[in-house]
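What follows is each chain in one-letter form.
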Amino acid sequence: MSLPEIVSRAEWRAAREELLVREKAATRARDALNAERRRLPMVEIDTEYVFEGGDGKATLLDLFEGRHQLVVYHFMFAPEWEAGCRSCSAFLDQVGHLAHLRAHGTSFVAVSRAPYTRILPFKARMGWTVPWFSSYGNDFNRDFEVTREHEGELVERPGVSCFLRDRDRVFHTYSTNERGLEGLGSTTSFLDLTALGRQEEWEEPEGRASSLGAPAGSERIRYHDEYED
(Lines give C-alpha, C1' and ligand atoms only; values in the text may rest on other atoms or scores of the structure.)
Protein backbone atom coordinates (compact mmCIF):
# COMPACT_ATOMS: atom_id res chain seq x y z
CA MET A 1 0.00 0.00 0.00
CA SER A 2 1.30 3.43 -0.95
CA LEU A 3 1.24 5.78 2.06
CA PRO A 4 2.21 9.47 2.45
CA GLU A 5 5.84 10.30 3.15
CA ILE A 6 6.81 10.46 6.84
CA VAL A 7 8.30 13.86 7.77
CA SER A 8 8.89 16.05 10.81
CA ARG A 9 6.16 18.30 12.22
CA ALA A 10 7.96 21.38 10.84
CA GLU A 11 8.15 19.86 7.34
CA TRP A 12 4.48 18.89 7.51
CA ARG A 13 3.51 22.41 8.58
CA ALA A 14 5.45 23.97 5.70
CA ALA A 15 3.80 21.63 3.19
CA ARG A 16 0.40 22.32 4.73
CA GLU A 17 0.87 26.09 4.46
CA GLU A 18 1.84 25.72 0.82
CA LEU A 19 -1.29 23.69 0.09
CA LEU A 20 -3.43 26.17 2.04
CA VAL A 21 -2.56 28.90 -0.45
CA ARG A 22 -4.01 26.79 -3.28
CA GLU A 23 -7.02 25.80 -1.18
CA LYS A 24 -7.88 29.45 -0.53
CA ALA A 25 -7.51 30.20 -4.24
CA ALA A 26 -9.91 27.34 -5.00
CA THR A 27 -12.41 28.73 -2.45
CA ARG A 28 -12.30 32.19 -4.05
CA ALA A 29 -12.74 30.60 -7.48
CA ARG A 30 -15.73 28.62 -6.19
CA ASP A 31 -17.30 31.79 -4.77
CA ALA A 32 -16.92 33.47 -8.16
CA LEU A 33 -18.45 30.46 -9.91
CA ASN A 34 -21.39 30.46 -7.49
CA ALA A 35 -21.96 34.14 -8.26
CA GLU A 36 -22.05 33.36 -11.99
CA ARG A 37 -24.56 30.61 -11.28
CA ARG A 38 -26.81 33.08 -9.45
CA ARG A 39 -26.63 35.35 -12.48
CA LEU A 40 -28.05 32.69 -14.78
CA PRO A 41 -31.39 33.57 -16.40
CA MET A 42 -34.45 31.52 -15.48
CA VAL A 43 -37.27 29.81 -17.37
CA GLU A 44 -40.93 29.91 -16.35
CA ILE A 45 -42.53 26.49 -15.91
CA ASP A 46 -45.94 26.42 -17.56
CA THR A 47 -46.49 22.63 -17.55
CA GLU A 48 -49.01 21.43 -14.98
CA TYR A 49 -47.08 18.55 -13.42
CA VAL A 50 -49.05 16.45 -10.94
CA PHE A 51 -47.13 14.37 -8.40
CA GLU A 52 -48.24 11.95 -5.70
CA GLY A 53 -46.92 12.14 -2.15
CA GLY A 54 -47.86 11.33 1.41
CA ASP A 55 -50.78 13.75 1.35
CA GLY A 56 -52.06 12.74 -2.10
CA LYS A 57 -51.82 14.74 -5.32
CA ALA A 58 -49.52 17.78 -5.48
CA THR A 59 -48.43 20.29 -8.11
CA LEU A 60 -44.90 21.62 -8.55
CA LEU A 61 -46.03 24.78 -6.76
CA ASP A 62 -47.26 22.66 -3.83
CA LEU A 63 -43.79 21.16 -3.43
CA PHE A 64 -42.49 24.59 -2.34
CA GLU A 65 -44.72 24.40 0.78
CA GLY A 66 -45.03 28.18 0.62
CA ARG A 67 -41.27 28.85 0.57
CA HIS A 68 -39.42 30.90 -2.03
CA GLN A 69 -37.19 28.17 -3.40
CA LEU A 70 -37.29 24.46 -4.12
CA VAL A 71 -34.44 21.98 -4.57
CA VAL A 72 -35.48 18.69 -6.22
CA TYR A 73 -33.29 15.61 -6.05
CA HIS A 74 -34.03 13.38 -9.03
CA PHE A 75 -33.83 9.97 -7.32
CA MET A 76 -33.31 7.04 -9.69
CA PHE A 77 -36.24 4.69 -9.09
CA ALA A 78 -37.90 3.42 -12.27
CA PRO A 79 -41.51 2.15 -12.14
CA GLU A 80 -40.47 -1.47 -12.67
CA TRP A 81 -37.73 -1.48 -10.00
CA GLU A 82 -38.31 -3.13 -6.62
CA ALA A 83 -36.03 -0.69 -4.78
CA GLY A 84 -34.36 2.66 -5.30
CA CYS A 85 -30.87 3.20 -6.69
CA ARG A 86 -28.07 2.39 -4.23
CA SER A 87 -26.02 5.46 -5.15
CA CYS A 88 -29.05 7.73 -4.82
CA SER A 89 -29.77 6.15 -1.46
CA ALA A 90 -26.24 6.90 -0.28
CA PHE A 91 -26.75 10.49 -1.45
CA LEU A 92 -29.95 10.92 0.59
CA ASP A 93 -28.25 9.38 3.61
CA GLN A 94 -25.83 12.32 3.70
CA VAL A 95 -28.36 15.14 3.29
CA GLY A 96 -28.32 17.44 6.32
CA HIS A 97 -31.27 18.39 8.52
CA LEU A 98 -33.83 20.17 6.34
CA ALA A 99 -34.70 22.72 9.03
CA HIS A 100 -31.61 24.73 8.09
CA LEU A 101 -32.57 24.86 4.41
CA ARG A 102 -36.12 25.76 5.29
CA ALA A 103 -34.88 28.62 7.48
CA HIS A 104 -33.42 30.02 4.24
CA GLY A 105 -36.82 29.85 2.55
CA THR A 106 -35.85 26.71 0.62
CA SER A 107 -37.67 23.37 0.45
CA PHE A 108 -36.02 20.07 -0.48
CA VAL A 109 -37.80 17.04 -1.96
CA ALA A 110 -36.93 13.84 -3.81
CA VAL A 111 -38.82 12.90 -6.99
CA SER A 112 -38.84 9.51 -8.74
CA ARG A 113 -40.77 7.89 -11.59
CA ALA A 114 -41.74 4.88 -9.49
CA PRO A 115 -45.36 4.82 -8.25
CA TYR A 116 -45.75 6.12 -4.72
CA THR A 117 -46.89 2.66 -3.60
CA ARG A 118 -43.33 1.47 -4.30
CA ILE A 119 -41.62 4.56 -2.93
CA LEU A 120 -43.39 4.45 0.44
CA PRO A 121 -42.17 1.04 1.68
CA PHE A 122 -38.63 1.70 0.48
CA LYS A 123 -38.61 5.10 2.21
CA ALA A 124 -39.77 3.41 5.42
CA ARG A 125 -37.05 0.78 5.08
CA MET A 126 -34.40 3.50 4.75
CA GLY A 127 -35.86 5.49 7.65
CA TRP A 128 -35.95 8.75 5.73
CA THR A 129 -38.20 11.72 6.53
CA VAL A 130 -37.30 13.70 3.39
CA PRO A 131 -40.47 14.54 1.39
CA TRP A 132 -40.55 12.16 -1.58
CA PHE A 133 -42.94 12.39 -4.53
CA SER A 134 -43.79 10.20 -7.48
CA SER A 135 -43.79 11.65 -11.00
CA TYR A 136 -45.34 8.46 -12.37
CA GLY A 137 -47.52 9.28 -15.37
CA ASN A 138 -46.11 12.73 -16.15
CA ASP A 139 -43.12 14.00 -18.17
CA PHE A 140 -41.25 15.72 -15.35
CA ASN A 141 -38.24 13.38 -15.50
CA ARG A 142 -38.05 13.54 -19.29
CA ASP A 143 -38.42 17.31 -19.37
CA PHE A 144 -35.53 17.73 -16.91
CA GLU A 145 -33.43 15.17 -18.78
CA VAL A 146 -32.96 12.65 -15.97
CA THR A 147 -34.92 9.99 -17.87
CA ARG A 148 -33.70 9.50 -21.43
CA GLU A 149 -34.26 7.01 -24.20
CA HIS A 150 -31.20 4.99 -25.18
CA GLU A 151 -31.34 2.22 -27.76
CA GLY A 152 -35.09 1.91 -27.33
CA GLU A 153 -35.01 1.78 -23.52
CA LEU A 154 -35.57 4.43 -20.86
CA VAL A 155 -32.43 5.14 -18.84
CA GLU A 156 -32.38 6.88 -15.46
CA ARG A 157 -29.71 9.24 -14.16
CA PRO A 158 -29.48 11.25 -10.95
CA GLY A 159 -29.65 15.01 -10.79
CA VAL A 160 -30.62 18.13 -8.86
CA SER A 161 -32.90 20.90 -10.15
CA CYS A 162 -33.56 24.25 -8.48
CA PHE A 163 -36.69 26.35 -8.75
CA LEU A 164 -37.73 29.84 -7.64
CA ARG A 165 -41.28 30.94 -6.86
CA ASP A 166 -42.71 34.40 -7.46
CA ARG A 167 -46.21 34.22 -5.99
CA ASP A 168 -47.88 31.51 -8.11
CA ARG A 169 -45.29 31.58 -10.88
CA VAL A 170 -42.56 28.91 -10.83
CA PHE A 171 -39.19 29.31 -12.53
CA HIS A 172 -36.41 26.82 -13.26
CA THR A 173 -33.07 28.37 -12.31
CA TYR A 174 -30.48 25.56 -12.37
CA SER A 175 -29.86 21.83 -12.87
CA THR A 176 -26.84 19.58 -12.52
CA ASN A 177 -26.27 15.86 -13.00
CA GLU A 178 -23.91 13.01 -12.24
CA ARG A 179 -20.49 14.39 -11.17
CA GLY A 180 -22.11 17.77 -10.54
CA LEU A 181 -23.68 16.11 -7.48
CA GLU A 182 -20.32 15.40 -5.85
CA GLY A 183 -19.86 17.38 -2.67
CA LEU A 184 -23.58 18.10 -2.24
CA GLY A 185 -25.55 17.23 0.87
CA SER A 186 -24.89 20.08 3.28
CA THR A 187 -27.15 23.11 3.64
CA THR A 188 -24.62 25.52 2.11
CA SER A 189 -23.84 23.21 -0.82
CA PHE A 190 -27.52 23.16 -1.84
CA LEU A 191 -27.97 26.91 -1.28
CA ASP A 192 -24.95 27.55 -3.52
CA LEU A 193 -26.94 26.03 -6.40
CA THR A 194 -29.94 28.33 -5.93
CA ALA A 195 -30.74 31.77 -7.32
CA LEU A 196 -30.80 33.33 -3.82
CA GLY A 197 -27.63 31.58 -2.66
CA ARG A 198 -26.68 31.52 1.02
CA GLN A 199 -28.30 34.95 1.43
CA GLU A 200 -25.10 36.41 2.86
CA GLU A 201 -24.30 40.11 2.55
CA TRP A 202 -20.95 39.43 0.85
CA GLU A 203 -22.47 37.45 -1.99
CA GLU A 204 -22.85 38.77 -5.53
CA PRO A 205 -25.05 39.93 -7.12
CA GLU A 206 -25.98 42.47 -4.46
CA GLY A 207 -29.45 42.50 -2.97
CA ARG A 208 -30.11 38.77 -2.89
CA ALA A 209 -29.23 38.46 0.81
CA SER A 210 -32.07 40.71 1.95
CA SER A 211 -34.67 39.32 -0.46
CA LEU A 212 -36.34 37.19 2.22
CA GLY A 213 -36.32 39.85 4.90
CA ALA A 214 -34.50 37.59 7.36
CA PRO A 215 -31.19 37.97 9.19
CA ALA A 216 -28.17 37.00 7.08
CA GLY A 217 -25.30 34.69 7.93
CA SER A 218 -24.72 33.16 11.33
CA GLU A 219 -27.45 35.30 12.93
CA ARG A 220 -29.99 33.06 11.20
CA ILE A 221 -28.57 29.74 12.40
CA ARG A 222 -30.42 27.99 15.22
CA TYR A 223 -30.60 24.51 16.68
CA HIS A 224 -32.79 22.64 14.24
CA ASP A 225 -35.64 22.38 16.77
CA GLU A 226 -35.66 26.15 17.45
CA TYR A 227 -36.59 27.49 14.04
CA GLU A 228 -39.97 29.08 13.46
CA ASP A 229 -40.94 27.88 9.98
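What you see is a predicted model; the values in this text were computed from it and never measured.

Let us now look at the pattern of salt bridges. A complete count under the given rule lists 14 salt bridges for this structure. For the salt bridge of Arg 39 with Glu 36, the shortest nitrogen-to-oxygen distance reads 3.2 Å. For Glu 36, a relative accessible area of 48% gives the class partly exposed. With a closest N to O distance of 2.8 Å, Glu 65 and Arg 67 form a salt bridge. With a relative accessible area of 8%, Arg 67 lands in the buried category. Through salt bridges with shared partners, one network takes in Glu 36, Arg 39 and Glu 204.

To continue, consider unusual backbone geometry. Here the bond from Glu 204 into Pro 205 is cis, since omega is -5°, no more than 30 degrees from zero. Counting through the fold element by element, Pro 205 comes out in the segment after helix 6 (187–191). The phi angle at Arg 167 is positive, at roughly 55°, despite the residue not being glycine.

On to the packing of aromatic side chains, then. Scanning the entire structure with this criterion turns up 18 aromatic pairs. The interplanar angle of 50° and the centroid separation of 5.0 Å between the aromatic rings of Phe 108 and Phe 190 together place this pair among those described as tilted. Here the residue Phe 108 occupies a position in strand 5 (residues 106–112), and Phe 190 occupies one in helix 6, the gap between them amounting to 82 residues. For Phe 108, a relative accessible area of 1% translates into the label buried. Ring geometry for Phe 140 versus Phe 163: centroids 6.4 Å apart, planes at 35°, classification tilted. Of this pair, Phe 140 sits in helix 5 (residues 140–143) while Phe 163 sits in strand 9 (residues 159–166), placing them 23 residues apart in sequence. Of the residues examined, Phe 140 reaches a relative accessible area of 0% and is grouped as buried. Its relative accessible area of 1% is what places Phe 163 among the buried residues. Note that Arg 9 overlies the ring of Trp 12, its terminal NZ or CZ placed 5.2 Å from the centroid. Cation over ring: Arg 37 sits above Tyr 174, and NZ or CZ is 4.9 Å from the ring centre.

The rules behind the values
Residues numbered from 1 in each chain as written. Predicted model: local features only at pLDDT ≥ 70, side-chain atom pairs only at ≥ 80, totals over all residues. Heavy atoms only, no water. Salt bridge = Lys/Arg side-chain N within 4 Å of Asp/Glu carboxyl O. Buried < 20%, exposed > 50% of the residue type's maximum accessible area, 1.4 Å probe, protein only. Helix = DSSP H or I, 4+ residues; strand = E, 2+ residues; numbered from the N terminus. Phe/Tyr/Trp six-rings, centres within 6.5 Å; stacked < 30°, edge-to-face > 60°. Lys NZ or Arg CZ within 6 Å of the ring centre and 35° of its normal.

Purely geometric stuff here, so don't read any function into it on its own.
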